[in-house]
Amino acid sequence: MSNSRGRFGIHGGQYITETLMNAVIELEKAYDFYKNDADFNSELTRLFNEYAGRPSRLYYAERMTQDLHGAKIYLKREDLNHTGAHKINNVLGQALLAKKMGKTRLIAETGAGQHGVATATAAALMGMSCVVFMGEEDTKRQALNVYKMRLLGAEVVSVKSGTGTLKDAVSQAMREWTSRISDTHYCLGSVMGPHPFPTIVRDFQAVISREIKSQILEREGKLPDFVIACVGGGSNAIGSFWHFINDASVKLIGCEAAGKGVDTFETAATIATGRLGIFHGMKSYFCQDEYGQIAPVYSISAGLDYPGIGPEHAYLHDTGRAEYVPVTDDEAVQAFEYLSRIEGIIPAIESAHAVFHAMKIAGKLSREKIIVITISGRGDKDCAAIARYRGENISE
Ligand SMILES: *Cc1c(COP(=O)(O)O)cnc(C)c1O
């Protein structure tokens, strides 16, 4: 079922069962009210500032700039937020909204566990109960995050259906929400799913580009020429792009996880290899097999390992307003090591995809050009896996 709301060109919409319509309509009404409510907004700003540590720094990467002999490079430091990534922006917004709606329970899906940990954190902060759905495979691979969620008071449900990974966890969370909407809010983790989620999550993440814009204007007196961010579902990227979409001179670049390459089956690059489809309540581009079934995806980066892309990105791709480029595991690992050495900043392996693309283009640009890279998260969580990638076994 769909209607005209929540469309981004031909993408988006509400392709969901009738029973879930009640929940999304209630959510849309509440959001339409609270997004313009002064108290809601001042409470959220206070949480962003006092709890999450915003505004995050816009850091001039001087050594990286000198080393690449080209454009000036700035890093938007979402890795410095509480819980170590941009995800806290979205969960604080949704948890506060849920609380205002009178909900007492948050549910969420998680792949690598980062969104689950962020949701469990917000639930603890607000005194709400929390259940996180996680694919069985992922609970094994991400035992530390399972421990953290439980430590924070959340229940972790291991999802055994399908391939026991993120897409199955999303499906299970949607089923759970359908059966229990009276006290429960589904805190969705990226700019995906049925309307109004792609809009709500984008609005909460848009704080990133609002800050970038005022910080770069103060620092340089002009807009950046490029804003580069990694894309899984696309929340940190749309948050980084949003306040620049009407500034035609600012090039917006999303970096997808190419895994072992876009010419292999081990990839998660949706724009490069996907086709139009309908899944998880939305129309967008998805990685599919020849029969239109959702294809298994792969990336070294668990946070980019999703077979689709948010509908607004699909639209920005269709219209050419944003460009999407694939970055392989190998390239991301190179960038992970490079940023660590040259700036003393260990980025999340997701963010390293964006760092690589900047490394690739900066040297071809003149010194007057400015690139902003969003560092969506910190890389502590990835150190053991990258060491393993390099053939070194360290214990976590
Ligand atoms: C989850 C995650 C991502 C991918 O999610 P988006 O919705 O595409 O932003 C990227 N970076 C980090 C650090 C993450 O934890």
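Look up a bit, the structure's there.
Okay, so let's go over this structure. These numbers come from a predicted model, not from an experiment. Once a new chain begins, its residue numbering starts again from 1 and follows that chain's sequence as written. Restriction of local features to residues with pLDDT of at least 70 applies here, the model being predicted, together with a cutoff of 80 or more for giving and counting side-chain atom pairs; totals for whole chains, interfaces and linings are based on all residues. Excluding hydrogens and water, the side-chain values take into account all heavy atoms of the structure.

Moving on: helix α7 (residues 143-151). Note on classification: 1.4 Å probe, protein chains only; a residue is buried when its accessible area is under 20% of the maximum for its type, exposed when over 50%, partly exposed between these limits. Each helix corresponds to a stretch of at least 4 residues labelled H or I by DSSP, and each strand to a stretch of at least 2 residues labelled E; elements are numbered beginning at the N terminus. Listing the buried residues of α7 in full gives Asn 145, Val 146 and Met 149. The arc that holds the buried residues of α7, viewed along the axis, is 105 degrees, so those residues lie on one side. Turned more than 90 degrees away from the buried face of α7, the exposed residues are Leu 144, Tyr 147 and Leu 151. Only heavy atoms matter for contacts: two residues are in contact if any of them lie within 4.5 Å across the pair. For α7, the elements touching its buried residues are β5 (105-110), α5 (114-126), β6 (129-135), α6 (136-141) and β7 (155-159). The first or second residue beyond α7 is Gly 153, which carries a positive phi of 100 degrees. What the arc measures is the spread of directions leading from the helix axis to the C-beta atoms.

Turning our eyes to something else, we now look at the packing of helix α2 (residues 38-52) against helix α4 (residues 87-100). Note on geometry: axes are C-alpha line fits, over the in-contact stretch for helices, and angles between N-to-C directions span 0 to 180 degrees. Look at α2 against α4: their axes get within 10 Å of each other, and the N-to-C directions meet at 140 degrees. Between α2 and α4, the angle falls in the class oblique. Regarding α2 and α4, the two cross each other, and that crossing is right-handed. Residues Phe 40, Glu 43, Leu 44, Leu 47, Phe 48, Tyr 51 and Ala 52 of α2 form the contact with α4, whose own contacting residues are Ile 88, Asn 89, Leu 92, Gly 93, Leu 96, Leu 97 and Lys 100. The labels follow the angle: roughly parallel below 35 degrees, roughly antiparallel above 145, roughly perpendicular from 65 to 115, and oblique for the rest. Crossings are assigned a handedness: left-handed for a near helix turned anticlockwise from the far helix by less than a right angle, right-handed for a clockwise turn.

So, about the nonpolar core. Buried residues of nine kinds, namely Ala, Val, Leu, Ile, Met, Phe, Trp, Tyr and Cys, make up a nonpolar core once their side-chain atoms join them within 4.5 Å. If you look at the biggest cluster of nonpolar residues, it comprises 87 residues, and the most contacted ones within it are Leu 97, Trp 177, Tyr 186 and Phe 241. For this core, the element with the most residues is helix α1 (residues 18-34), which contributes eight residues. Not counting chain neighbours up to four residues away, the residues in contact with Phe 241 comprise Ser 209, Val 227, Leu 252, Ile 253, Gly 254, His 313, Leu 316, Ala 322 and Tyr 324.

All right, on to the pattern of salt bridges then. Two side chains with opposite charge may pair up if their charged atoms get near one another. Should a side-chain nitrogen of Lys or Arg be within 4 Å of a carboxyl oxygen of Asp or Glu, the pair is scored as a salt bridge. Taken as a whole and assessed by the stated rule, the structure comprises 22 salt bridges. Arg 77 is the salt-bridge partner of Asp 79, the closest N and O atoms lying 2.8 Å from each other. For Asp 79, a relative accessible area of 5% translates into the label buried. Salt bridges sharing common partners tie together Arg 54, Lys 76, Glu 78 and Glu 211.

What follows is about the layout of surface pockets. In this structure, the second largest pocket encloses a volume near 290 Å³. A cavity here means a set of 1 Å grid points, computed over protein atoms only, where a 1.4 Å probe fits but cannot escape. A pocket is an open set with protein on both sides within 12 Å along at least 5 of 7 lines, and lining residues have an atom within 4 Å of a point. The wall of the second largest pocket is formed by 15 residues, among which Asn 41, Leu 44, Asp 203, Phe 204 and Arg 210 lie closest to the centre. Listing elements by their share of the lining of the second largest pocket, those giving two or more residues are α2, α9 (197-205) and α10 (207-220). Among the residues forming the lining of the second largest pocket, the class breakdown is eight nonpolar, three polar and four charged. Grid points are joined across faces, edges and corners, and a volume is the space filled by probe spheres set on the points. Gly counts as polar in this scheme, as do all residues outside two lists: the nonpolar Ala, Val, Leu, Ile, Met, Phe, Trp, Tyr, Cys and Pro, and the charged Asp, Glu, Lys and Arg.

What follows is about the site of the ligand. Residue proximity to a molecule or strand is established when one non-hydrogen atom of the residue lies within 4 Å of it. In the vicinity of the ligand there are 17 residues, among which Lys 87, Ser 190, Gly 232, Ser 235 and Ser 376 approach most closely. A 3.5 Å cut-off defines polar contacts: any pair of N or O atoms within that distance qualifies, except that in protein one atom must be a possible hydrogen donor and the other a possible acceptor, and neighbouring residues in sequence count only when both atoms are side-chain atoms. Measuring from an oxygen atom of the ligand, one finds a side-chain N or O atom of Lys 87 at 2.6 Å. Note that an oxygen atom of the ligand is positioned 2.6 Å from one of the side-chain N or O atoms of Ser 190. In these tables, accessible area is a Shrake-Rupley quantity obtained with a 1.4 Å probe, and a residue counts as shielded only by the protein chains included in the view. For the ligand, the protein covers 96% of the area, taking 380 Å² as the surface of the free molecule. Secondary structure elements with two or more residues in the shell around the ligand: β9 (226-231) and α11 (235-241). Here the residues of the shell around the ligand sort into four nonpolar, eleven polar and two charged.

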